[in-house]
Amino acid sequence: MKYFLYLASFCFVIISACSHKVYKTTNRSYKKQVKNYAKILREYPVTDSAGLQYADNWVGTTNFSMRRPNFVVIHHTAQDSCEQTLRTFTLPRTAVSAHYVICEDGTVHHMLNDLLRAHHAGLSKWGNATDLNSMSIGIEIDNSGSEPFTEPQMNSLLQLLDRLKKAYNIPQANFIGHADVAPGRKVDPSRYFSWQALADKGFGFWYDTTNVEVPLDFNPLQALRIVGYNVNNPEIAIQSYKIHFVPQDTTNVITDADKKILFDLLKKYQ
Ligand SMILES: [Zn+2]
């Protein structure tokens, strides 16, 4: 037994050492890039070619802070393991990343400073916002897309959301999914993800259709647009809405039940 424990701890040290070594180079690249951005921030006044008539003497204000994220976009990785995702996010050729990766056992990897821009949302639109990467925190949950999310993962996620909401004063309505902001192109997080559990804790809204009476002239597509969906292609907008709010329904048809849901959501999201 003693020998086994010794062997186990020896192997653990080897694995830690190896994984540390794997990311030594990419961590160096992270630091170098941050240093370059810091250099850009320090260089002021900047010269530009806009032809504006700038004052001869630069006067910098003394009152400012860093821009803050105002949205959280949640994803599932659609990969086989957390380790695979960490690899993907440290290979320059993939050009993708997220601020946080949450592994099946609840471990959280914080891969990028919240104040920097991760490449997770891609071509996206929510309301009038079109550069979600610039204004959001990206959270990737290690999940294949065809399995439930684990309890430790959801616990870590809720803790993380709580910290982000408080730190950046993120509105309750602004906790959304990749499928919400990229209808048709993305379907994550999958129908296994419980947005209701998040809304119960104050991240995003859920509906209550008890005693809801829908007016005859109610326009469900307009409601979807006001909630935030890009309704240029109604069918895929409805698909994203269903993934988020009616995961058990795999059709793209607006039913009477959906009208009640949307009428209720409209009041919360507008
Ligand atoms: Zn995604």
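Okay, so let's go over this structure.

**Considerations on the overall build of the protein chain**
When you go through the protein chain residue by residue, the secondary structure sums to 10 helices and 5 strands. C-alpha extents for the protein chain along the principal axes are approximately 75 × 65 × 30 Å. Evaluated residue by residue, the protein chain yields a buried proportion of 38% over its 270 residues. Restricting to contacts in the protein chain with at least 6 residues of sequence separation, those with at least 24 account for 67%. Taken as a whole, the protein chain presents about 16,700 Å² of accessible surface, with 55% of it coming from carbon and sulfur.

**Focus on the sheet that holds strand β2 (residues 100-102)**
Taking strand neighbours across the sheet as the criterion, the 5 strands line up as β3-β2-β4-β1-β5 in an open arrangement whose pairing is mixed. The open sheet has two edge strands with one neighbour each: β3 (108-110) and β5 (175-177). Between one strand and the next, the sheet's axes are offset by a mean angle of 25 degrees, whatever the strand orientation. Here β2 runs beside β3; their pairing, made up of 3 bridges, is antiparallel. Across the sheet, the residue bridging to Y100 is H110, located in β3.

**What about a nonpolar patch on the surface?**
A cluster of nonpolar residues, L41, M66 and L115, forms a patch on the protein surface that exposes about 300 Å² of accessible area. By the element assignment, L41 lies in helix α2 (residues 24-42). Residue L41 is classed as exposed on the basis of its relative accessible area of 62%.

What counts, and at which threshold
Residues numbered from 1 in each chain as written. Predicted model: local features only at pLDDT ≥ 70, side-chain atom pairs only at ≥ 80, totals over all residues. Heavy atoms only, no water. Helix = DSSP H or I, 4+ residues; strand = E, 2+ residues; numbered from the N terminus. Buried < 20%, exposed > 50% of the residue type's maximum accessible area, 1.4 Å probe, protein only. Contact = heavy atoms within 4.5 Å. Areas by Shrake-Rupley, 256 points an atom, 1.4 Å probe, with all protein chains shown as cover. Pairing = 2+ DSSP bridges. Axes fitted to C-alpha atoms, helices over the stretch in contact; angles between N-to-C directions. Patch = residues over 30% accessible without salt bridge, like charges linked within 9 Å, V, L, I, M, F, W, Y side chains within 5 Å. Salt bridge = Lys/Arg side-chain N within 4 Å of Asp/Glu carboxyl O.

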